[in-house]
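So the chains spell out like this:
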Amino acid sequence: MTDLLELRNVSVFYGGRPALDSVNLHIPHGAQVAVVGPNGAGKSTLFKAMMGLAPLRTGEILIHGRPPSEYRDPVAYVPQREEVDWRFPVTVFDVVAMGRYGRGRWLKRLSVADRDGIHRSLERLNISDLAQRPIGELSGGQQQRVFLARALAQKPHVLLLDEPFTGVDISTREATLELLSSLKARSVTVLVSTHDLDLASGRFDQVVLLNRCLISAGSPDEVFTEKHLQAAFGGQMVVVNGKAIVVDQCCGAHGPVGGVDGCRCETCNWARGAREDEP
Ligand code: ADP
Ligand code: MG
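Residues numbered from 1 in each chain as written. Chains lettered and ligands numbered in written order. Predicted model: local features only at pLDDT ≥ 70, side-chain atom pairs only at ≥ 80, totals over all residues.

Trainee: Describe the sheet that holds strand β5 (residues 75–78), and please don't skip the residues or the numbers.
Mentor: The strand order β5-β6-β7-β3-β8-β9 describes an open sheet built from six strands, whose pairing is mixed. Either end of the sheet is taken by a strand with one partner, and the two such strands are β5 and β9 (213–218). Within this sheet the neighbouring strands show an average axis-to-axis angle of 15°, counted without direction. With four bridges connecting them, β5 and strand β6 (residues 158–162) associate as parallel partners. Each residue of the ladder has a partner; that of Tyr-77, found in β6, is Leu-160. (Pairing = 2+ DSSP bridges. Helix = DSSP H or I, 4+ residues; strand = E, 2+ residues; numbered from the N terminus. Axes fitted to C-alpha atoms, helices over the stretch in contact; angles between N-to-C directions.)

Pasting the structure below:
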């Protein structure tokens with residue numbers, strides 16, 4: 001498999017603090033990748049950076065060798081639920097139709113092929129009967145399906161799903177997993193952020209474990225070692241491969257009291273600085 005996505009030394013800062021720090025990553029074409037890490041680890045920031053929606057402090061992101069703004073094939077992005085203004089007065093059909101406009105084609109009229117594509121996407125997610133309903137009136141699971149249908153209507157080469165399994169019913173979860181299987185058959189490259197480490201381990205080719213820095217990336221077996229889990233989730237309980245593990249005391253890598261020995265990344269430098277500043 002050739003690389004589709006490459007991050008070189010990517011850092012994103014908010015208000016002087018790193019949300020992503022010196023991240024280097026290669027994602028092969030057609031891979032299905034789970035992005036995991038605790039709250040605030042920078043998962044959403046990673047997706048926004050890939051969409052060109054978060055400014056990079058350092059580094060570059062390349063999709064097939066081009067920056068996101070110059071990459072011509074569709075990249076579909078389904079944001080985390082909390083980041084969407086559900087009061088926006090549009091119908092389900094309108095939201096899915098947005099998937100057909102593409103960059104800079106807002107004034108274009110929908111063709112017959114566009115309308116067919118929209119209806120097929122609605123059917124695929126089992127929400128054809130909701131087409132004329134305002135998006136704000138739907139349940140969380142239905143809203144998630146609408147956004148998946150929009151992403152599908154884009155015929156994406158790359159799909160980024162931010163926490164699609166959080167706060168949805170079981171049938172939407174299953175519909176999302178089925179969609180991922182069918183996209184795999186079409187070699188669409190997919191990145192999915194999730195809190196479900198069991199799912200990440202069982203259903204994905206690759207895992208990216210983040211805690212502002214990249215802790216580890218590779219096969220689930222390579223990534224889910226005790227050392228890596230400790231660096232990411234120290235002090236919390238996590239469930240991997242059906243087993244609950246309480247990860248020992250945080251190594252302090254990225255909290256206000258640490259800095260990993262030997263790690264010179266900006267987060268660790270910042271954490272060490274904060275520790276030294278303490279009275
Ligand atoms: P995750 O998705 O893994 O929970 P995020 O990428 O949302 O993490 O956030 C990473 C860090 O960046 C958090 O500390 C968060 O508070 C901060 N952050 C995210 N977005 C913003 C923003 N727009 N302004 C300021 N801080 C932000
Ligand atoms: Mg997030």
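Trainee: Please provide a residue-by-residue account of the nonpolar core, values included.
Mentor: Within the largest apolar cluster, 70 residues are counted, with the highest numbers of intra-cluster contacts made by Val-33, Val-35, Val-96 and Ala-149. The element best represented in this core is helix α4 (residues 140–153), accounting for seven residues. Not counting the four nearest positions on each side in its chain, Val-96 is found in contact with Ile-118, Ser-121, Leu-122, Val-146, Ala-149, Arg-150 and Ala-153. (Core = buried A, V, L, I, M, F, W, Y, C linked by C-beta atoms within 7 Å. Buried ≥ 20, exposed ≤ 12 C-beta atoms within 10 Å, placed from the backbone. Contact = placed C-beta atoms within 7 Å.)

Trainee: So what's going on with the site of ligand 1? Which residues, and what values?
Mentor: As a matter of local geometry, ligand 1 sits amid Tyr-14, Gly-15, Ala-19, Gly-37, Asn-39, Gly-40, Ala-41, Gly-42, Lys-43, Ser-44 and Thr-45. Counting residues per element, the shell around ligand 1 draws most heavily on helix α1 (residues 43–50), at three residues. For the shell around ligand 1, a count of residues per class yields three nonpolar, seven polar and one charged. (Near = placed C-beta within 6 Å. Nonpolar A, V, L, I, M, F, W, Y, C, P; charged D, E, K, R; others polar.)

Trainee: Describe the pairing of β9, and please don't skip the residues or the numbers.
Mentor: Pairing analysis gives five bridges linking strand β8 (residues 206–211) to β9, with the strands arranged antiparallel. From the neighbouring strand, Val-208 faces β9, where its bridge partner is Ala-217. Count of turn residues in the β8/β9 antiparallel hairpin: one residue, of which Arg-212 carries a positive phi of about 70°.

Trainee: An account of helix α2 (residues 92–101) is needed here, citing residue identities and associated values.
Mentor: Within α2, burial applies to Val-92, Phe-93, Val-95, Val-96, Gly-99 and Arg-100. The secondary structure elements touched by the buried residues of α2 are α3 (112–124) and α4.

Trainee: Residue-level account of the packing of α4 against helix α5 (residues 170–185), with values.
Mentor: In the contact formed by α4 and α5, the axes pass within 10 Å of each other and the chain directions differ by 15°. Relative to α5, the element α4 lies roughly parallel. Remark: the crossing between α4 and α5 carries left-handed chirality. Contact residues: Gly-141, Gln-144, Arg-145 and Leu-148 in α4; Thr-172, Ala-175, Thr-176 and Leu-179 in α5. (Parallel < 35°, antiparallel > 145°, perpendicular 65-115°, else oblique. Left-handed = near helix turned anticlockwise from the far one by under 90°.)

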